[in-house]
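Descriptive structure summary
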Protein chains: 2
Amino acid sequence: MPQYTPPVRDTRFVLDKVLKLDRYAGLPAFAPATPDVVNAVLEEGGRFVAEVLFPINHSGDQQGCTRNADGSVTTPDGFKEAYSQFVESGWGTLSAPEQFGGQGMPHVISTAFQEYMISANMAFAMYPGLTHGAISALLVKGSPEQQAKYLPKMISGEWGGTMNLTEPQCGTDLGLIKTRAEPNADGSWSITGTKIFISAGEHDLTENIIHLVLAKTPGAPDSSKGISLFVVPKVLVNEDGSLGARNAVSCGSIEHKMGIHGNSTCVMNYDGATGWLVGEEMKGLAAMFIMMNAARLGVGLQGLGVGEVAYQNAVQYAGDRRQGRALTGAAEPEEKADTLFVHPDVRRMLMEAKAMTEGLRALCLWGGLQVDLAHAAESEEERQLADDLVGLLTPVIKGVGTDAGYKVATDSQQVYGGHGYIAEWGMEQYVRDARIAMIYEGTNGVQAMDLVGRKLAANGGRAVQALFRIVGEEVAAAKGKPELASLAEALEKANGQLQAATMWFMANGMKDPNQVAAGAYSYMQLMGIVAIGLMWLRMADAAATALAEGGDDRAFLEAKLVTARFYAERIMPDAGALRRKIEGGAESIMALSPEMFRAA
Amino acid sequence: MPQYTPPVRDTRFVLDKVLKLDRYAGLPAFAPATPDVVNAVLEEGGRFVAEVLFPINHSGDQQGCTRNADGSVTTPDGFKEAYSQFVESGWGTLSAPEQFGGQGMPHVISTAFQEYMISANMAFAMYPGLTHGAISALLVKGSPEQQAKYLPKMISGEWGGTMNLTEPQCGTDLGLIKTRAEPNADGSWSITGTKIFISAGEHDLTENIIHLVLAKTPGAPDSSKGISLFVVPKVLVNEDGSLGARNAVSCGSIEHKMGIHGNSTCVMNYDGATGWLVGEEMKGLAAMFIMMNAARLGVGLQGLGVGEVAYQNAVQYAGDRRQGRALTGAAEPEEKADTLFVHPDVRRMLMEAKAMTEGLRALCLWGGLQVDLAHAAESEEERQLADDLVGLLTPVIKGVGTDAGYKVATDSQQVYGGHGYIAEWGMEQYVRDARIAMIYEGTNGVQAMDLVGRKLAANGGRAVQALFRIVGEEVAAAKGKPELASLAEALEKANGQLQAATMWFMANGMKDPNQVAAGAYSYMQLMGIVAIGLMWLRMADAAATALAEGGDDRAFLEAKLVTARFYAERIMPDAGALRRKIEGGAESIMALSPEMFRAA
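Chain A carries the name 3-methylmercaptopropionyl-CoA dehydrogenase in an unreviewed UniProt entry, which gives Sphingomonas turrisvirgatae as its organism. Under Sequence similarities (unreviewed entry), UniProt gives the following word-for-word description of chain A: "Belongs to the acyl-CoA dehydrogenase family." As stated in UniProt under Catalytic activity (unreviewed entry), the record for chain A gives "3-(methylsulfanyl)propanoyl-CoA + oxidized [electron-transfer flavoprotein] + H(+) = 3-(methylsulfanyl)acryloyl-CoA + reduced [electron-transfer flavoprotein]".

Next comes the structure, spelled out in structure tokens:
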């Protein structure tokens, strides 16, 4: 059975030495995040997920959720009790605003905790994760009355939340939505339609579930411009905050899925359910994007979280399993065989997993910090820069992060050989769980299109120019340091490939947007190499500095330098290939008629 | 629910236009493969698998195998009946020798059929697949008596066969085997031990199962040099060929796996079971490699087969599903949305799937042909060349083929968006099924080590030099043809990267074998790019020739030229990156102590 230890040491390294959170101690938004509090969150939060959530991860996968005859859904054994503890301990309130009962901590801290929670039990973590998305939308678009009515109990975790976008005929293309909202005399709306793939749509963890639902109002354009957002509680809430009548929304069925069996994925039927408009009519798409952006960072974190726990177990197995001998002669002649660690090809997989998980951890925490700085930084210039960068890199964190999570999970499973394919070892669950993160909240292809079609060109390319400038400046500074020079040169080269690809898009995209779309995925991957490369440069710099200062835990710091080198030698070479693929353009991709795809 | 159409048109294209089988019509071994017979095999065989095996693929996955209290194993509903039809129709006998009741067809033809069978139902195809491996070993190493006793009924399919290598403590490192064989007075042996991961180890499809079992004899060295191979029938066979007593071998349990649920993966207990030595004592490893080599080509074919059926369904879905609009303006304004085919990033996945499946089909059929030519070609020179090439490329077909199969299955699932993750759509099964092929019959990392550690250096590098020469000659010839020139140049470049990487190994491997092992996986991938690139050059050449000759089915032929271009533009750029990774060497991979891998 798998094991999990929250990587507190590495999180601390990123927070303290790479992001240097103490720089922000003077900002009001960072006031609650004193070193003691941060330490307690990481240590206690890590202990909570390891002791309470992790033990029910595998059993939750094997058992799954059950829809009962009355439409209720029962979560796997232990989920309800664990969720109660989650609520009692206040783990859902970390970065929620204090005015609604939250702890007001920076997002960078709750991001660290969320990684641990996902590693321990991704299916479980999705329940508060979806609530978090719904909270985000209500915080920005909800009326004061709606906020007062729903947010305190959603933030405490007493109530859950969901996002209802997808319908049988529409996923990405939300203009095709058929769910209708008809106005009632009292200002409420009557919602009718069917939503599918609703994560946490129905379950037994909370006494109420607050659904946020996209629907079309009478006379609205039959396109994405005609969509409005509604709040539709499962149980109506009285004026005094007590629970009233059951609303006309129910779970029609739950899906049988490849993974995340512990999370209930529901078909939700709205049969004239009572709802209230959130924000303005026909401005639902903008509200939805607030939920989506928060959710996309969280999904990127799922790639990291599942990759991390899979990697940890692969390391454990590589040390336990003895098979074959080192090519350079038996490492442990007194044993019948050496451990898997002697085999370079096993190490290749472990090193790549290490480079990607640690790189993604730095990138995700950096992303969380930008979310904070976009609101809380001292100057307008800093706030705008943070907002630009997190906007640009959100699709990269989601797309590249979840692709990497699946790759790491698959490679970690591979380290186990045949045992990796057997359910009881737990590794195949990580692959199945990781897979969904590449699909939902916008497939990774949609992320790539968001990056090249929206984020790249926004504000005259201000965000990507900022990225190029930052990488250029840090590369220039690092080249002067002998222990960083070759990594800096590799990053400079990758950044050059990214710049060249960007230029190629500018030169060719105006004439034919397909030229950009055909290279979008490679471009997203290329930007991921640069962004994670920048993180590795910063981590190597921090490690070298700490080593020079005689820091403790030297093996940990030296491993950072070795892993940074591995990243430069084994991952960055893909940058040139990605640029060449982008420059291949759209012709061979667009040439075939649908009929010509058929070999049969 | 998924669909499947055997790609007979494409198989015919490869057999007729690329491999040009008619060139070999004069060889005795090819005599049974008249055009009429080949056509009948493809058409009737394709119909059989599509109508009989494919309908029980998804249900077989959902139901799985059951071990009963008495140790018997029940396969999923319909498997027994389908297997009876398989035996009655003689599909297992295609390329088996006529002296034991086979049809004596070339392997290249049975390879084509096997692809279809795997696409239709991989879990089912494994039952005859394992029998086929056992047949291979008995054909080469079995005594005339053993051959007479077992082969006719194994070839007809009335009896099954298995390969028993793995034990709890040993997979790759077979020197660690603990199963013991003690000699009996009558010349038989008494086998005792536990084998795990035995595919088709116990089932209800056949009245007998002939196990081939690796074990150690008394006094044998406790290493891979001390291993012997034994034939251990489930039911003892009397002198007259009738079935006798049940042997002391039983299925202790079956595994719960990520996929291939329709195939029973058994723990097999040998409790003093009666067996007979196959070949010489302590020469079991060599006999095992005969089974393994046949099996590895078959596993590579699994990558192709599962990838093909997944791709076919993704193409179907892309045409059925309407979502969004073409970037260049609505393609079908009268519809509410365009099909997925308008989106370049969806086409990127489909084109890659097309390029890889068609490329792998050509490579697998080419491999099957080399197996034939290694025995049946006219001259010793031709026979040796064929043997060299198939030996060199077997690990590439297995490793690259199964990695590609998993990638194609994953990408095809991705085309479905959220529906791809739901069991009833059938796509997630393909991902789960494809995953095992990267692990068993030697993990893909073991394939890479076989390639660089054994195949590359064998006979002074004769095989790889032959590959370089063939690619060089065909590139030179193709450069003169305008429609092939750019593809030829791309292949020349990739071949140059492969040659450079080979030189790098020669220069660095003597001092430190880890330098080679650290780059083994990238090298295998690089050789795959070249080998499949060679197939695309041949396919493009054949298509261009057929078009120039005014051939029918011009859209099919034009698609070949477009896909070849896609391969050159979108896949071959990886060759340079792979070479650079190889030249990164072993230092950063070998530097960390096991303890330093822990981030926690």
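1. Structural notes on the overall build of chain A
Per the secondary structure count, chain A includes 18 helices and 11 strands. Projected onto its principal axes, the C-alpha positions of chain A cover 80 × 65 × 60 Å. Taking all 600 residues of chain A together, 64% fall into the buried category. Sequence-distant contacts in chain A: of pairs separated by 6 or more residues, those separated by 24 or more amount to 74%. Computing the positive centroid from 51 side-chain charges and the negative centroid from 69, chain A places the two 5 Å apart.

2. Here's the deal with the UniProt feature "domain: Acyl-CoA oxidase/dehydrogenase middle" (unreviewed entry) in chain A
As annotated in UniProt, the feature "domain: Acyl-CoA oxidase/dehydrogenase middle" (unreviewed entry) corresponds to residues 163–271 of chain A in the numbering used here. A distance of 17 Å separates the end C-alpha atoms of residues 163–271 of chain A, which is 0% helix and 49% strand.

3. Some details on the relation of the copies chain B and chain A
Once chain B is rotated about the relating axis by 180 degrees and shifted along it by 0.0 Å, it coincides with chain A to within an RMSD of 0.0 Å. On the angle and the small slide along the axis, the relation comes out as a two-fold axis. By C-alpha distance to the rotation axis, the residue of chain B lying nearest is Ala577(B), at 3.1 Å. A shared interface surface links the copies, since 100% of the contact residues of chain B are contact residues in chain A too.

4. Quick notes on the pattern of salt bridges
Between side chains of opposite charge, pairing is possible as soon as their charged atoms come close. Counting across every chain of the model gives 74 salt bridges over all chains. In this structure, the salt-bridge partner of Glu332(A) is Arg322(A), at a minimum N-O distance of 3.1 Å. Here Arg322(A) lies in the loop between α8 (284–320) and α9 (344–376) and Glu332(A) lies in the loop between α8 and α9, a separation of 10 residues in the sequence. Residue Glu474(B) pairs with Arg538(B) through a salt bridge whose shortest N-O separation is 2.7 Å. Of this pair, Glu474(B) sits in helix α13 (residues 462–479) while Arg538(B) sits in helix α15 (residues 513–548), and the two are 64 residues apart along the sequence. Judged by relative accessible area, which is 25%, Glu474(B) ranks as partly exposed. Each of the salt bridges in this network shares a partner with another, and the network as a whole consists of Asp10(A), Glu115(A), Glu308(A), Lys354(A), Glu358(A), Arg361(A) and Lys560(A).

5. Quick notes on unusual backbone geometry
At Asn459(A), a residue that is not glycine, the phi angle is positive and equals roughly 50 degrees. Here Asn459(A) shows up in helix α13 (residues 458–479).

6. Considering the interface of chain B and chain A
Across the boundary between the two partners, chain B contributes 105 residues, which contact 105 residues of chain A. Carbon and sulfur atoms make up 58% of the area that chain B and chain A hide from each other, which totals about 9,100 Å². Area buried by chain B at its contact with chain A is led by Tyr421(B), Arg570(B) and Phe597(B), which between them contribute 10% of it. Applying the counting criterion to the chain B and chain A interface returns six salt bridges. Here Arg565(B) makes a salt bridge to Glu587(A), at a shortest N to O gap of 3.2 Å. On inspection of chain B and its partner chain A, the count reaches 55 residue pairs in polar contact (both at pLDDT 80 or more). With 10 residues, helix α16 (residues 554–571) of chain B is the largest single contributor of residues to the side of chain B that touches chain A. A breakdown of the residues in the side of chain B that touches chain A according to their chemical character gives 48 nonpolar, 27 polar and 30 charged.

7. Section: the pairing of strand β6 (residues 208–216) of chain A
Residue and element names in this part refer to chain A. The element β6 is extensively covered by neighbouring structure, given that nine of its nine residues are classed as buried. Residues Asn 208, Ile 210, Leu 212, Leu 214 and Lys 216 point to one face of β6 and Ile 209, His 211, Val 213 and Ala 215 to the other, with burial holding for every one of them. Note that strand β3 (residues 159–164) and β6 share six bridges and pair parallel. Along β6, the bridge assignment pairs Gly 160 with Ile 209. Bridge count for β6 against strand β7 (residues 227–233) is seven bridges, and the pairing is antiparallel. Bridged to Val 213 within β7 is Phe 230.

8. Regarding the nonpolar core
In terms of nonpolar packing, the biggest core is built from 430 residues, with Leu350(A), Tyr523(A), Met527(A), Leu350(B), Tyr523(B) and Met527(B) touching the most fellow members. When neighbours within four sequence positions are excluded, Tyr523(B) is seen to be in contact with Leu451(B), Val452(B), Leu456(B), Val464(B), Leu498(B), Ala501(B), Thr502(B), Phe505(B) and Ile582(B).

9. Observations concerning the environment of Val452(B)
All names here are of chain B. When you line up the elements, Val 452 lands in helix α12 (residues 444–455). Spatially, the C-alpha atoms of Val 452 and Pro 395 are 9.8 Å apart, while their sequence positions differ by 57 residues. If we skip the residues at most four places from it in the chain, Val 452 touches Phe 505, Val 516, Ala 520 and Tyr 523.

10. Some words on the environment of Tyr24(A)
Residues and elements named next belong to chain A. Relative to the helices and strands, Tyr 24 is located in the loop between α1 (8–18) and α2 (35–53). When the C-alpha atoms of Tyr 24 and Glu 378 are compared, they prove to be 9.4 Å apart, with 354 residues separating the residues in sequence. Those residues in contact with Tyr 24, other than ones at most four positions away along the chain, are Leu 19, Phe 30, Leu 369 and Leu 373.

11. With respect to the packing of helix α10 (residues 380–415) of chain A against helix α12 (residues 444–455) of chain A
All names here are of chain A. The contact between α10 and α12 brings their axes to 9 Å, and the two run at 160 degrees. The orientation of α10 with respect to α12, classified from their angle, is roughly antiparallel. In this structure, α10 meets α12 at a crossing whose hand is left-handed. From α10, Gly 391, Leu 392, Pro 395, Val 396, Lys 398, Gly 399, Thr 402 and Asp 403 reach across to α12, where they touch Asn 444, Gln 447, Asp 450, Leu 451 and Lys 455. Tallied by class, residues from the contact of α10 with α12 come to four nonpolar, five polar and four charged.

12. With respect to the packing of α8(A) against helix α11 (residues 427–437) of chain A
Residue and element names in this part refer to chain A. In contact at an axis separation of 9 Å, α8 and α11 are set at 165 degrees when each is read in the N-to-C sense. When the interaxial angle is binned, α8 and α11 end up roughly antiparallel. Relative to α11, α8 is oriented so that their crossing is left-handed. Contacts between α8 and α11 pair Val 299, Gln 302, Val 306, Val 309, Ala 310, Asn 313 and Ala 314 from the former with Met 427, Tyr 430, Ala 434 and Ala 437 from the latter. When its residues are assigned to classes, the contact of α8 with α11 shows nine nonpolar, two polar and no charged.

13. A closer look at the packing of aromatic side chains
One pass over the structure, following the stated rule, counts 35 aromatic pairs over all chains. Between Tyr406(A) and Tyr406(B), the ring centres sit 5.8 Å apart and the planes meet at 20 degrees, which makes this aromatic pair stacked. With Tyr406(A) in helix α10 and Tyr406(B) in helix α10 (residues 380–415), the pair connects residues from two separate chains. One exposure class covers both Tyr406(A) and Tyr406(B), and it is buried. Among the aromatic residues, those joined into a cluster by ring pairs are Phe48(A), Phe79(A), Tyr83(A), Phe86(A), Trp91(A), Phe113(A) and Phe124(A). We note Lys149(A) situated over the ring of Trp276(A); from NZ or CZ to the ring centre the distance is 5.5 Å.

14. A look at the side chain of Lys455(A)
You can see Lys455(A) is positioned in helix α12. Discounting chain neighbours no more than four positions away, the residues touching Lys455(A) are Asn293(A), Gly391(A), Leu392(A), Pro395(A) and Asp450(A).

15. A short note on the state of the cysteines
Within this structure, the stated rule accounts for zero disulfides over all chains. Of the cysteine sulfurs around Cys266(A), a residue in no disulfide, the closest is that of Cys251(A), at 3.8 Å. In this structure Cys170(B) is not part of a disulfide, and its nearest cysteine sulfur, from Cys266(B), lies 18 Å away. When its relative accessible area of 0% is taken as the criterion, Cys170(B) is described as buried.

Cut-off values and rules
- Residues numbered from 1 in each chain as written.
- Chains lettered and ligands numbered in written order.
- Predicted model: local features only at pLDDT ≥ 70, side-chain atom pairs only at ≥ 80, totals over all residues.
- Heavy atoms only, no water.
- UniProt positions renumbered as here; feature names shortened; annotations may be inferred.
- Helix = DSSP H or I, 4+ residues; strand = E, 2+ residues; numbered from the N terminus.
- Buried < 20%, exposed > 50% of the residue type's maximum accessible area, 1.4 Å probe, protein only.
- Contact = heavy atoms within 4.5 Å.
- Lys, Arg positive; Asp, Glu negative; His and termini not counted.
- Charge placed at Lys NZ, Arg CZ, Asp CG, Glu CD.
- Least-squares fit on C-alpha atoms with pLDDT ≥ 70 in both.
- Salt bridge = Lys/Arg side-chain N within 4 Å of Asp/Glu carboxyl O.
- Buried area = accessible area lost by both parts, 1.4 Å probe.
- Polar contact = N/O pair within 3.5 Å; in protein donor to acceptor, adjacent residues only side chain to side chain.
- Nonpolar A, V, L, I, M, F, W, Y, C, P; charged D, E, K, R; others polar.
- Pairing = 2+ DSSP bridges.
- Core = buried A, V, L, I, M, F, W, Y, C linked by side-chain atoms within 4.5 Å.
- Axes fitted to C-alpha atoms, helices over the stretch in contact; angles between N-to-C directions.
- Parallel < 35°, antiparallel > 145°, perpendicular 65-115°, else oblique.
- Left-handed = near helix turned anticlockwise from the far one by under 90°.
- Phe/Tyr/Trp six-rings, centres within 6.5 Å; stacked < 30°, edge-to-face > 60°.
- Lys NZ or Arg CZ within 6 Å of the ring centre and 35° of its normal.
- Disulfide = S-S within 2.5 Å.

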